[in-house]
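# Fold and contact review
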Amino acid sequence: MLTTTPTLHERVLAWYDEHARDLPWRRPGTAAWGVVVSEFMLQQTRVDRVLPAYVLWLERWPTPAELAAAAPGDAVRQWGRLGYPRRALRLHAAAAVMVERHGGEVPSSYADLRALPGIGDYTAAAIASFAFGGRHVVLDTNVRRVLGRLVGGEALPPPAVTRAERERAEALAPPDPLGPRWAVATMELGALVCTSRAPRCERCPVLDACAWQRAGAPPYDGPARPRQRYPGTDREVRGRLLAVLRDAVGPVTPAALAAVWPIDDQRERAFASLVADGLVPALTSAQPDPAPSNQRMPDSSGETVRQQ
DNA sequence: AAACCGTGGAG
DNA sequence: TCTCCAAGGTT
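Residues numbered from 1 in each chain as written. Chains lettered and ligands numbered in written order. Predicted model: local features only at pLDDT ≥ 70, side-chain atom pairs only at ≥ 80, totals over all residues. Heavy atoms only, no water.

## Observations concerning the state of the cysteines
Inspection of every chain in the model, using the stated rule, returns zero disulfides. Cysteine cysteine 201 shares no disulfide, and the gap to the nearest cysteine sulfur, in cysteine 204, comes to 6.6 Å. Cysteine 194 supplies the cysteine sulfur nearest to cysteine 204, a cysteine that is in no disulfide, at a spacing of 6.3 Å. (Disulfide = S-S within 2.5 Å.)

Set out below in structure tokens:
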């Protein structure tokens, strides 16, 4: 019988068929909205942390319309400690646009998706591909790393997406029959095998074709990657303020906020940025439950004030 | 276009 | 322990 050696594409897809994780947003029948929610949550957040949050979110808001009808503050609270809580506000805003301009449905085209708040190049391509079967170049950190090693022969991709990377990804897009699965498969390969720190090259289905491996797996030598500091920065202060505001059952006193960080001007600056982002307004707007009026609530100018 | 925006787990 | 960084987006 006639056998031909599998192509690189076929090998990656075969690997995916055997090793892909069973993630809820990949299950057949998942609504586009589920894909949207998963993609927002997965922005800079690992799968294992997203899983429980994803389930709870969809139980509470199974459709864009239901989220859009909720208060933004509820979205931020439901977001919990996933991180980057502006994503919760943007997801809420995106749901509102879906209701207002797309009949309550998730738009299927890349252009319409790209126009929604919180959706950039990657997320638009991902939703269009995964939820609607479109074929787009999906260039996330995993794909960038996989292609960078496999084709480019480099340990890690440069700090920002380059044109060369995009052209390389387009050149490698498989012919039609393999379709949009190429994107998920390469992402999964990057997540499980071709990892950033300690790649499991023994398990790689295309090890023999890897330019980086062939070159002896040289270390990264590109431009310095910006290191993200956290301790002592405004981000840490924001995080602490957020935790207080998010977890508060009733009104929040200025003293409770002050207790979070001892440096007054830094704390006030962080607070002001939370106001500007809409996070403080969302978290301190009148709740349906507790009685309003003379509650002491933070204000936009400083942290000392009361609710209207 | 460089810097900023949370949080937590892995190595 | 401490560093790195994780399905990015926005300004």
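Having seen the model, we can carry on.
## Quick notes on the domain arrangement of chain A
With domains assigned, chain A is organised as domain 1 (31–130) and domain 2 (230–308). Between domain 1 and domain 2, the residue contacts involve eleven residues of the former and 13 residues of the latter. A buried area of about 950 Å², summed over both sides, lies between domain 1 and domain 2, and 55% of it is on carbon and sulfur atoms. Where domain 1 meets domain 2, there are one salt bridge. (Domains from an automatic or database assignment. Contact = heavy atoms within 4.5 Å. Buried area = accessible area lost by both parts, 1.4 Å probe. Salt bridge = Lys/Arg side-chain N within 4 Å of Asp/Glu carboxyl O.)

## Quick look at the protein's contact with DNA strand C
The local shell around DNA strand C holds 25 residues, among which Leu42, Gly118, Gly120, Thr123 and Asn142 are the closest. When atoms of DNA strand C within 4 Å of the protein are split into backbone and base, the sugar-phosphate part holds 62%. Here threonine 123 contributes a side-chain N or O atom positioned 2.4 Å from a phosphate oxygen of DNA strand C. Taking asparagine 142, its side chain carries an N or O atom lying 3.0 Å from a sugar or linking oxygen of DNA strand C. For the surface near DNA strand C, the elements supplying multiple residues, two or more each, are α2 (32–42), α6 (86–101), α8 (121–130) and α9 (141–150). (Near = heavy atom within 4 Å. Polar contact = N/O pair within 3.5 Å; in protein donor to acceptor, adjacent residues only side chain to side chain. Helix = DSSP H or I, 4+ residues; strand = E, 2+ residues; numbered from the N terminus.)

## As for the protein's contact with DNA strand B
Near DNA strand B, the surroundings consist of 19 residues, among which Arg81, Pro85, Arg86, Arg235 and Arg238 are the closest. Counting only the atoms of DNA strand B that lie within 4 Å of the protein, the sugar and phosphate share comes to 58%. Arginine 235 places a side-chain nitrogen or oxygen 2.7 Å from a base nitrogen of DNA strand B. Counting only elements with at least two residues in the surface near DNA strand B, the list comes to α6 and α13 (234–247). Take the surface near DNA strand B: its biggest share by element is five residues, from α13. In terms of residue class, the surface near DNA strand B is made up of four nonpolar, five polar and ten charged. (Nonpolar A, V, L, I, M, F, W, Y, C, P; charged D, E, K, R; others polar.)

## A look at the pattern of salt bridges
Scanning the entire structure with this criterion turns up 14 salt bridges. Ionic pairing is found between arginine 11 and aspartate 208, a salt bridge with its closest N-O pair at 2.7 Å. Placement of the pair is arginine 11 in helix α1 (residues 8–19) and aspartate 208 in the loop between α11 (181–192) and α12 (211–214), with a sequence separation of 197 residues. Judged by relative accessible area, aspartate 208 falls into the exposed class, the value being 56%. (Buried < 20%, exposed > 50% of the residue type's maximum accessible area, 1.4 Å probe, protein only.)

## What to know about the side chain of arginine 246
Within the secondary structure, arginine 246 sits in helix α13. Buried arginine 246, no salt bridge; nearest opposite-charge side chain is aspartate 247, N-O distance 4.0 Å. A distance of 3.3 Å separates a polar side-chain atom of arginine 246 from the backbone oxygen of glycine 80. In this structure arginine 246 touches Val76, Arg77, Gly80, Arg81 and Leu283, once residues within four positions along its chain are discounted. (Lys, Arg positive; Asp, Glu negative; His and termini not counted.)

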